[in-house]
Amino acid sequence: MSGKFEVYEDRSGKYRFRLKASNGQIVASGEAYETKAAAKKGCESVQKAAEGAPVVDA
C-alpha cells in the first residue's frame, strides 16, 4: 500500500489534510481550510507540485 492523504476536521472546526506513509507515519500536513472541498484541493495541489520536484539544499 502506498501513502495516502487524509482530510479531517480539527478541534476548531477547520479542515486540514495530512499525508501518511504506508507505515502510518504522518510525513506532511496542511494548513487550516474553511471547507472540506478546499482541503481536498490543497491535497491535489501538493500532489501536482511534488511530482518530479527536485530535492535541493536550502
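Placed above this text is the structure.
Residues numbered from 1 in each chain as written. Predicted model: local features only at pLDDT ≥ 70, side-chain atom pairs only at ≥ 80, totals over all residues. Heavy atoms only, no water.

## What to know about the pattern of salt bridges
Thinking step 1. Considering all chains together, one arrives at five salt bridges under this definition.
Thinking step 2. One salt bridge in this structure joins K4 and E6, with 3.8 Å as the shortest N-O distance.
Thinking step 3. For K4, a relative accessible area of 39% translates into the label partly exposed.
Thinking step 4. For K20, the salt bridge goes to E6, with nearest N and O atoms at 3.5 Å. Highlighted residues: K20 in strand 2 (residues 15-20) and E6 in strand 1 (residues 4-9), separated in sequence by 14 residues.
Thinking step 5. A single salt-bridge network, built from bridges that share partners, covers K4, E6, R18 and K20. (Salt bridge = Lys/Arg side-chain N within 4 Å of Asp/Glu carboxyl O. Buried < 20%, exposed > 50% of the residue type's maximum accessible area, 1.4 Å probe, protein only. Helix = DSSP H or I, 4+ residues; strand = E, 2+ residues; numbered from the N terminus.)

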